[in-house]
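# Report on the structure
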Amino acid sequence: MKKYLVIGNPIEHSLSPLIHNHWMRKYHLSNSIYEKKKVEKKDLKDIVDQVRNDEIKGVNVTVPFKKEIIPFLDSVIGDAHLTQSVNTVCKINNEVCGYNTDVGGFKKSLQESPIDYKNKNIFILGAGGVTSSILQAFIDTAKKIYITNRTKEKAEELKKLGDLSTALPRLGTENIEVIDWGERPEACDIVLNTTSIGLTKGENLNLDFKDYKDKKNILFYDLIYNPKETNFLKDAKLRGNMTMNGKMMFLWQAHMAFKIWTNISPKIDDEVIKLLD
Ligand code: ATR
């Protein structure tokens with residue numbers, strides 16, 4: 001039996017098993033199973049060792065361990081290195097490697113959206129575990145990136161990470177700006193919620209976007225996909241802005257992880273999209 005896991009804490013809400021087990025059935029990987037497991041920080045080394053011993057074939061990592069798992073891995077590849085955030089683990093050539101498919105998954109979701117996301121002003125709300133991936137996704141193509149977080153120091157830390165990974169000369173230090181929580185940039189085209197506010201129904205960010213009324217070309221993107229429509233998106237819709245939730249990003253990051261593990265490109269079709277409804 002080939003065993004796959006998603007690890008995190010909490011983990012009950014994870015829909016990754018639903019998607020991956022669907023694909024495993026669809027592509028006749030009848031000896032594979034994908035489960036969720038709630039773990040503590042002290043368990044991470046053991047999980048990585050089990051990948052090394054071939055007891056576990058692949059792991060998805062979610063909040064709050066995407067960074068914490070790094071010291072236990074043999075190598076950290078590409079976007080995972082640039083973001084210091086690992087969401088996919090796999091053994092390749094006898095090395096346990098960490099990958100990041102959040103960056104690619106997010107980019108893919110934008111490519112499929114009705115807007116052209118290149119050369120735009122981006123306003124990122126939050127500086128939590130997933131935010132470095134969002135920053136990385138925009139770093140080569142944005143006109144300017146603004147980041148705000150309740151705890152400002154965490155946004156400053158992210159900016160440093162952004163500066164390191166900047167593919168010069170496209171976006172320099174001066175093009176990533178940290179602004180105070182509650183403030184807004186003068187102009188922005190995409191507003192992204194990467195905070196956890198909205199995961200619990202009825203929660204409100206309490207940021208004022210009144211000036212954006214009737215601005216049809218501004219996209220409000222919430223990484224949260226469950227609930228489907230957070231207040232952040234509801235309010236944006238009422239104002240007449242474009243909206244998008246995190247469903248397609250979630251599916252694409254899963255697609256990319258599945259491909260790393262099995263070398264199969266699973267289809268993102270209506271059937272799998274509906275599984276999340
Ligand atoms: P972590 O902060 O451990 O990385 P996360 O779930 O990845 O956890 O991120 C939570 C994000 O939501 C953070 O940006 C957090 O802001 P702080 O860094 O200030 O904690 C944000 N967040 C959570 N609750 C919030 C609230 N009530 N008001 C504003 N931001 C909030």
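Residues numbered from 1 in each chain as written. Predicted model: local features only at pLDDT ≥ 70, side-chain atom pairs only at ≥ 80, totals over all residues. Heavy atoms only, no water.

## A closer look at helix α5 (residues 131–138)
The buried fraction of α5 is high, at eight of eight residues. Within the span of α5, buried status applies to Thr-131, Ser-132, Ser-133, Ile-134, Leu-135, Gln-136, Ala-137 and Phe-138. (Buried < 20%, exposed > 50% of the residue type's maximum accessible area, 1.4 Å probe, protein only. Helix = DSSP H or I, 4+ residues; strand = E, 2+ residues; numbered from the N terminus.)

## Some remarks on the domain arrangement of the chain
What the domain assignment lists for the chain is domain 1 (2–100 + 250–274) and domain 2 (104–245). Summarising the inter-unit geometry, the C-alpha centres of domain 1 and domain 2 are found 26 Å apart. On the domain 2 side, the residues contacting the twelve residues of domain 1 number 14 residues. Of the roughly 1,100 Å² buried between domain 1 and domain 2, counting both surfaces, carbon and sulfur atoms make up 61%. Counting the surface domain 1 buries against domain 2, the share from its top three residues, Leu-82, Thr-83 and Trp-252, is 47%. Between domain 1 and domain 2 we count zero salt bridges in total. (Domains from an automatic or database assignment. Contact = heavy atoms within 4.5 Å. Buried area = accessible area lost by both parts, 1.4 Å probe. Salt bridge = Lys/Arg side-chain N within 4 Å of Asp/Glu carboxyl O.)

## Quick notes on the pattern of salt bridges
Applying the stated criterion to the full structure yields 16 salt bridges. For the salt bridge of Asp-54 with Lys-91, the shortest nitrogen-to-oxygen distance reads 3.1 Å. Separated by 37 residues along the polypeptide, Asp-54 in the loop between α2 (44–52) and β3 (58–61) and Lys-91 in strand β5 (residues 88–92) bring together distant segments of the chain. Look at Asp-54 and you get exposed, because its relative accessible area is 57%. By relative accessible area, Lys-91 is classed as partly exposed at 23%. In this structure, the salt-bridge partner of Glu-229 is Lys-237, at a minimum N-O distance of 2.7 Å. Take Glu-229: its relative accessible area is 28%, and that puts it in the partly exposed class. Judged by relative accessible area, Lys-237 falls into the partly exposed class, the value being 49%.

## Overview of the state of the cysteines
Tallied over the full model, the rule gives zero disulfides. In this structure Cys-90 is a free cysteine whose sulfur lies 7.3 Å from that of Cys-97, the closest cysteine sulfur available. A relative accessible area of 4% means that Cys-90 is categorised as buried. (Disulfide = S-S within 2.5 Å.)

## Focus on the side chain of His-22
With respect to the helices and strands, His-22 occurs in helix α1 (residues 16–26). What makes His-22 buried here is its relative accessible area of 9%. In contact with His-22, other than residues within four places in its own chain, are Pro-17, Glu-271, Val-272 and Leu-275.

## Details of the site of the ligand
Neighbouring residues of the ligand: Gly-126, Ala-127, Gly-128, Gly-129, Asn-149, Arg-150, Thr-151, Lys-154, Trp-181, Thr-195, Ser-196 and Ile-197. Between the ligand and the protein, one listed contact pairs an oxygen atom with a backbone N or O atom of Ser-196 at 3.2 Å. Considered on its own, the ligand offers 610 Å² of accessible surface; in the complex 68% of this is hidden by protein. Looking at side-chain class alone, the shell around the ligand contains three nonpolar, seven polar and two charged residues. (Near = heavy atom within 4 Å. Polar contact = N/O pair within 3.5 Å; in protein donor to acceptor, adjacent residues only side chain to side chain. Areas by Shrake-Rupley, 256 points an atom, 1.4 Å probe, with all protein chains shown as cover. Nonpolar A, V, L, I, M, F, W, Y, C, P; charged D, E, K, R; others polar.)

## Here we look at the packing of helix α4 (residues 102–111) against helix α8 (residues 247–262)
Relative orientation of the contacting elements α4 and α8 amounts to 130 degrees, with a least axis distance of 7 Å. In terms of axis orientation, α4 runs oblique to α8. As for the relative orientation of α4 and α8, their crossing is right-handed in sense. Residues Asp-102, Gly-104, Gly-105, Phe-106, Lys-108 and Ser-109 of α4 form the contact with α8, whose participating residues are Met-248, Met-249, Trp-252, Gln-253 and Met-256. A breakdown of the residues in the contact of α4 with α8 according to their chemical character gives five nonpolar, four polar and two charged. (Axes fitted to C-alpha atoms, helices over the stretch in contact; angles between N-to-C directions. Parallel < 35°, antiparallel > 145°, perpendicular 65-115°, else oblique. Left-handed = near helix turned anticlockwise from the far one by under 90°.)

## Description of the sheet that holds strand β9 (residues 176–179)
An order of β9-β8-β7-β10-β11-β12 is seen for the six strands of this open sheet, with the pairing classed as parallel. Of all the strands in the sheet, the pair left with one neighbour each is β9 and β12 (242–244). Geometrically, the sheet is characterised by an average inter-axis angle of 20 degrees between neighbouring strands, direction not taken into account. Bridge analysis of strand β7 (residues 121–125) against strand β10 (residues 190–193) gives four bridges, and the strand direction is parallel. Bridging across to β10, Leu-125 finds its partner in Asn-193. The strands that α4 touches are β10, β11 (219–222) and β12; relative to β11, the one it contacts most, it runs at about 145 degrees. (Pairing = 2+ DSSP bridges.)

## Thoughts on the sheet that holds strand β2 (residues 32–38)
With respect to topology, six strands assemble into an open sheet ordered β2-β1-β3-β5-β6-β4, the strand pairing being mixed. The two strands at the open ends of the sheet, each matched to only one other strand, are β2 and β4 (75–76). Sheet analysis places strand β1 (residues 2–8) next to β2, joined by seven bridges and oriented parallel. Among the inter-strand pairings, Tyr-4 is bridged to a residue of β2, identified as Tyr-34. Packed onto the sheet, α1 meets β1, β2 and β3 and runs at close to 170 degrees relative to β2. Its contacts with the sheet put α8 on β1, β2, β3, β5 and β6 (95–99), and the angle it makes with β5 is roughly 15 degrees.

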